[in-house]
Amino acid sequence: MTRLRIVVAGAGGRMGAANIRAVAAHPGVELVGALDRPGAAALGKDAGMLIGLETLGVTLTDDTEAALSGADAIIDFTAPAASVALAQAAARHGLVHIIGTTGCSEADDAAIAAAGAAGARIVKSGNFSPGVVTLAALVEKAARALADYDVEVLEMHHNQKVDAPSGTALMLGEAAAKGRHIALKDHSVRVRDGHTGPREVGSIGFATLRGGNVIGDHTVILAGASERIELSHRAQDRSIFANGAVRAALWAKAQPPGFYSMADVLGLND
Ligand SMILES: NC(=O)C1=CN([C@@H]2O[C@H](COP(=O)(O)OP(=O)(O)OC[C@H]3O[C@@H](n4cnc5c(N)ncnc54)[C@H](OP(=O)(O)O)[C@@H]3O)[C@@H](O)[C@H]2O)C=CC1
Ligand SMILES: O=C(O)C1=N[C@H](C(=O)O)C[C@H](O)C1
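Residues numbered from 1 in each chain as written. Chains lettered and ligands numbered in written order. Predicted model: local features only at pLDDT ≥ 70, side-chain atom pairs only at ≥ 80, totals over all residues. Heavy atoms only, no water.

## Focus on the packing of helix α6 (residues 130-145) against helix α7 (residues 167-180)
Right, on to step 1. For the pair α6 and α7, the least separation of the axes is 7 Å and the interaxial angle reads 35°. Crossing of α6 against α7: the hand is right-handed. Within the contact between the two elements, α6 uses Val 132, Val 133, Leu 135, Ala 136, Val 139, Glu 140, Ala 143 and Arg 144 and α7 uses Thr 168, Met 171, Leu 172, Ala 175, Ala 176, Lys 178, Gly 179 and Arg 180.
Right, on to step 2. Class assignment of the residues belonging to the contact of α6 with α7 gives a composition of ten nonpolar, two polar and four charged. (Axes fitted to C-alpha atoms, helices over the stretch in contact; angles between N-to-C directions. Helix = DSSP H or I, 4+ residues; strand = E, 2+ residues; numbered from the N terminus. Left-handed = near helix turned anticlockwise from the far one by under 90°. Contact = heavy atoms within 4.5 Å. Nonpolar A, V, L, I, M, F, W, Y, C, P; charged D, E, K, R; others polar.)

## Structural notes on the sheet that holds strand β10 (residues 217-223)
Right, on to step 1. Taken together, five strands build an open sheet; the order of strands is β8-β9-β7-β10-β11 and the sheet is mixed. The open sheet has two edge strands with one neighbour each: β8 (188-189) and β11 (228-234).
Right, on to step 2. Of the strand pairs in this sheet, strand β7 (residues 150-157) and β10 are connected by seven bridges, and their pairing is antiparallel. When the sheet's bridge partners are listed, Asp 150 is paired in β10 with Ala 223. (Pairing = 2+ DSSP bridges.)

## Thoughts on the site of ligand 1
Right, on to step 1. Around ligand 1, a shell composed of 22 residues is seen, among which Arg 14, Met 15, Arg 37, Thr 102 and Lys 161 lie nearest.
Right, on to step 2. One of the backbone N or O atoms of Ser 125 is found 3.0 Å from a nitrogen atom in ligand 1.
Right, on to step 3. Gly 126 has a polar backbone atom sitting 3.1 Å from a nitrogen atom of ligand 1.
Right, on to step 4. For ligand 1, whose accessible area on its own is 910 Å², the fraction buried by protein is 75%.
Right, on to step 5. Here the residues of the shell around ligand 1 are counted per class, giving seven nonpolar, ten polar and five charged. (Near = heavy atom within 4 Å. Polar contact = N/O pair within 3.5 Å; in protein donor to acceptor, adjacent residues only side chain to side chain. Areas by Shrake-Rupley, 256 points an atom, 1.4 Å probe, with all protein chains shown as cover.)

## Describing the UniProt feature "domain: Dihydrodipicolinate reductase C-terminal" (unreviewed entry) in the chain
Right, on to step 1. Mapped onto this numbering, the UniProt entry gives "domain: Dihydrodipicolinate reductase C-terminal" (unreviewed entry) at residues 131-266.
Right, on to step 2. A helix fraction of 38% and a strand fraction of 25% characterise residues 131-266, whose end C-alpha atoms lie 11 Å from each other. (UniProt positions renumbered as here; feature names shortened; annotations may be inferred.)

The structure is reproduced here in structure tokens:
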């Protein structure tokens with residue numbers, strides 16, 4: 001059987017290493033390219049060296065067009081501007097584009113969705129762990145069933161994370177909002193400081209913690225008058241995200257061009 005030919009973008013980053021490792025270990029895919037930004041320290045190195053393996057024969061480059069020639073799919077955990085540019089390249093080349101990048105603006109998301117309409121097969125998720133995607137489905141149900149409970153989303157990540165709230169926290173907030181048939185953007189409280197007054201009824205609150213090397217902890221609290229439900233996920237290794245991304249790439253190859261979620265990959269929307 002032909003293997004899916006994958007380019008890892010952001011190859012010199014934390015998730016880049018996890019993605020190279022996951023691609024190298026999966027029998028159904030092969031690494032054919034490794035991209036990083038112009039000027040990145042890892043350019044010119046072999047991708048295998050970044051993960052302490054033998055050489056893989058793939059050198060990190062900043063030449064997107066060269067890296068994508070002969071590829072079927074991009075796994076991209078980078079930064080919003082890079083993901084928008086790669087989505088447009090994926091549309092031009094008719095590629096699968098798996099996007100884990102968080103912190104995208106509404107305009108970034110619109111440009112990425114447009115690339116899906118223009119020929120790319122895009123799967124974008126704030127979290128590629130099947131456990132988190134399942135948690136989101138549970139949160140949606142709980143928020144619907146406990147319609148008058150206060151929903152708060154708490155997240156903690158390592159001290160190098162640059163965006164807040166995390167993509168996962170926003171995904172869980174969206175799930176709660178969906179359960180309540182409301183738009184998250186009209187009901188979210190992303191920061192509290194000073195004399196805030198009492199909590200607004202029906203709002204969905206976010207709290208962000210940063211420290212150490214925490215990979216990613218998320219808890220959704222549903223607080224009622226006399227009880228509190230807490231739905232939590234703790235990531236113990238970045239391989240859960242990388243393996244989910246490889247799974248999404250293999251799934252997306254068999255789909256028509258478009259914009260998909262990890263819930264689609266897991267069949268939760270069937
Ligand atoms: N959806 C999910 O399941 C997960 C999502 N993430 C998200 O993935 C993203 C990356 O996380 P992480 O690996 O920890 O971050 P890192 O900073 O370790 O890695 C990001 C990589 O992307 C590169 N990069 C940055 N800007 C550009 C650009 N404009 N063009 C090309 N490459 C670029 C960086 O290069 P340089 O270092 O040289 O700047 C670096 O190699 C974040 O948005 C994070 O939130 C993380 C884990 C799971
Ligand atoms: O930046 C990270 O590290 C992570 N980012 C994603 C997010 O923003 O939710 C996923 C995971 O929690 C790790």
